[in-house]
Amino acid sequence: MAVDDASVPRVLVAGRCSVDVYPQQVGVHLEDVQTFSKFLGGSATNVAVACARYRPGVMSLTGVGDDPFGRFVVQELERCGVDASHVVVNPAFNTPVTFCEVFPPDNFPLYFYREPSTPDLQLSPDDLPAELDRFDLIWLTASGLSVEPSRETHRHLARAKGESTIVFDLDYRERFWDDELTASAHIGAMLEHADVAIGNLEECRIAVGESDPERAADALLDRGVDIAIVKQGPVGTLGKSRTERTFVPATCIDVVCGLGAGDAFGGAVCHGLLSGWDLTRMIQFASAAGAIVASKLETSLAMPTLEQVEDMLAAHPEVAAATESSRR
């Protein structure tokens, strides 16, 4: 029987998952919220869903508890077209839950319930899929380096990548780490295995000690990555390679909840890399995808399709007009 190549996973997204519990009342602290909605969440899991909106063959590597929320995560991944065959069920820990408060346009406090540990941080090298070199792209996150055995699992993925493109999300969450020095050491060491690094200014400071966008991008390139992407929130995004430099201003929209925007951006970057786009096209597309999700409350369910992103780009020609792009 012939194998359907479209069904064979070519993208592996490794990292945390959660059930996101978001208030239905905006501008209200959690103690005063009356009703909530639950969504599939976790940065890496959202990226997997975002990438699967554009192309088949995306696999999620994460862990869940043997509980109703774990079953919800698996069901939602499958419903969103993500291969969940390597979601590990760990009965020793609960599926993590994340609450947030929603204060647009730029204040969205997160409250993580991940103690004493979570199944995604207990992933070991034995949980990895076979033949890692079959993947065209592998997405890794800095939060996965915060503790063992997840740290060694991420290192194993990076070392065994073969010809895969490694995209490293700098994804720094202070509460996941003992201290900044430890985070900087482990995140910095992973850069030598990465082909693409993506982070905001604070995450770049932790990774390479620079929070100026230009210096941060150059420092990431100096550490060995081929493409450095520095996100600057409502200002825009800087991208640099050894041959290109581009700055794409943010798409102006009415922000409802900005929490999933970066994950939408990441999934779109994956699609751009696999499509062979130039840096400017890729970041413009990713920025528009992030804007779409920022205009909605939910995260994974809001991840846009190709047509929706193209419509957003067409509706905001001022972004392309203001984009700065040059060969280096």
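Everything here concerns the structure above.
Scope of this entry: the structure provided in the associated data block. (Residues numbered from 1 in each chain as written. Predicted model: local features only at pLDDT ≥ 70, side-chain atom pairs only at ≥ 80, totals over all residues. Heavy atoms only, no water.)

1. Some remarks on the overall build of the chain
Phase 1: The helix and strand inventory of the chain stands at 10 helices and 14 strands.
Phase 2: At 18 Å, the chain has a C-alpha radius of gyration in line with the 20 Å of a compact globule built from 328 residues.
Phase 3: Along the longest, intermediate and shortest principal axes, the C-alpha atoms of the chain span 50 × 50 × 50 Å.
Phase 4: Counting over 328 residues, the chain shows a buried share of 55%.
Phase 5: Only carbon and sulfur atoms are counted for the fraction: they give 49% of the accessible area of the chain, which is about 13600 Å².
Phase 6: Of the charged side chains in the chain, 26 are positive and 48 negative; the average position of the first set lies 3 Å away from that of the second. (Helix = DSSP H or I, 4+ residues; strand = E, 2+ residues; numbered from the N terminus. Rg over C-alpha atoms; globule rule 2.2 N^0.38 Å. Buried < 20%, exposed > 50% of the residue type's maximum accessible area, 1.4 Å probe, protein only. Areas by Shrake-Rupley, 256 points an atom, 1.4 Å probe, with all protein chains shown as cover. Lys, Arg positive; Asp, Glu negative; His and termini not counted. Charge placed at Lys NZ, Arg CZ, Asp CG, Glu CD.)

2. Topic: the layout of surface pockets
Phase 1: Of the pockets and cavities examined, the second largest pocket occupies roughly 210 Å³.
Phase 2: Taken together, F112, R114, E115, P116, S117, L121, S146, V147, R175, F176 and W177 make up the full set of residues lining the second largest pocket.
Phase 3: Per-class residue counts for the lining of the second largest pocket are six nonpolar, two polar and three charged. (1 Å grid on protein atoms, 1.4 Å probe; cavity = no way out; pocket = protein on both sides within 12 Å on 5 of 7 lines; lining within 4 Å. Points joined across faces, edges and corners; volume = space filled by probe spheres on them. Nonpolar A, V, L, I, M, F, W, Y, C, P; charged D, E, K, R; others polar.)

3. Comments concerning helix α7 (residues 261–275)
Phase 1: Between its first and last C-alpha atoms α7 spans 21 Å; for 15 residues at 1.5 Å apiece the expected length is 21 Å, and the two agree.
Phase 2: With 11 of its 15 residues buried, α7 lies for the most part within the structure.
Phase 3: Among all positions in α7, only A261, D263, A264, F265, G266, G267, A268, V269, C270, H271 and G272 are buried.
Phase 4: G276, located one to two residues past α7, shows a positive phi value of around 75°. (Expected span 1.5 Å × (residues − 1).)

4. Topic: the environment of T45
Phase 1: Of note, T45 is situated in helix α1 (residues 43–52).
Phase 2: Here the alpha-carbon distance between T45 and V28, two residues 17 residues apart in the chain, equals 27 Å.
Phase 3: Apart from the residues lying within four places of it in its own chain, the contact partners of T45 are R16, C17, L40 and L77. (Contact = heavy atoms within 4.5 Å.)

5. Regarding the sheet that holds strand β14 (residues 324–327)
Strand pairing in a sheet relies on backbone hydrogen bonds. The paired strands run either parallel or antiparallel.
Phase 1: Within the open sheet, the 10 strands sit side by side as β5-β4-β1-β8-β9-β10-β11-β12-β13-β14. Their pairing is mixed. The sheet is open, and its two borders are formed by β5 (87–90) and β14, each paired with just one other strand. Ignoring strand direction, the axes of neighbouring strands in this sheet form an average angle of 15°.
Phase 2: Where strand β4 (residues 58–65) lies against β5, four bridges are found, and the strand directions are parallel. By the bridge assignment for β5, G65 is matched with N90. (Pairing = 2+ DSSP bridges. Axes fitted to C-alpha atoms, helices over the stretch in contact; angles between N-to-C directions.)

6. Some points on the packing of helix α4 (residues 180–190) against helix α5 (residues 201–208)
Phase 1: Packing of α4 against α5 leaves a shortest axis separation of 7 Å and a crossing angle of 80°. Considering their axes alone, α4 and α5 lie roughly perpendicular with respect to each other. Facing E180, A183, S184, I187 and G188 of α4, the residues of α5 in contact are E202, R205, I206 and A207.
Phase 2: For the contact of α4 with α5, the per-class residue count stands at four nonpolar, two polar and three charged. (Parallel < 35°, antiparallel > 145°, perpendicular 65-115°, else oblique.)

7. Focus on the packing of aromatic side chains
Phase 1: As enumerated under the stated definition, the model contains six aromatic pairs in all.
Phase 2: Centroid distance W277 to F285: 5.0 Å. Interplanar angle 70°. Geometry classified as edge-to-face.
Phase 3: A relative accessible area of 0% places F285 in the buried class.
Phase 4: Among the aromatic residues, those joined into a cluster by ring pairs are F36, F99 and Y113.
Phase 5: Above the ring of F72, the side-chain terminus of K38 is found at 4.6 Å from the ring centroid.
Phase 6: Of note, R281 hangs over the ring of W277, and the distance from its end group to the ring centre comes to 4.1 Å. (Phe/Tyr/Trp six-rings, centres within 6.5 Å; stacked < 30°, edge-to-face > 60°. Lys NZ or Arg CZ within 6 Å of the ring centre and 35° of its normal.)

8. Quick notes on the environment of A268
Phase 1: Relative to the helices and strands, A268 is located in helix α7.
Phase 2: Beyond its immediate chain neighbours, meaning those up to four positions away, A268 contacts Y54, F285, A286 and A289.

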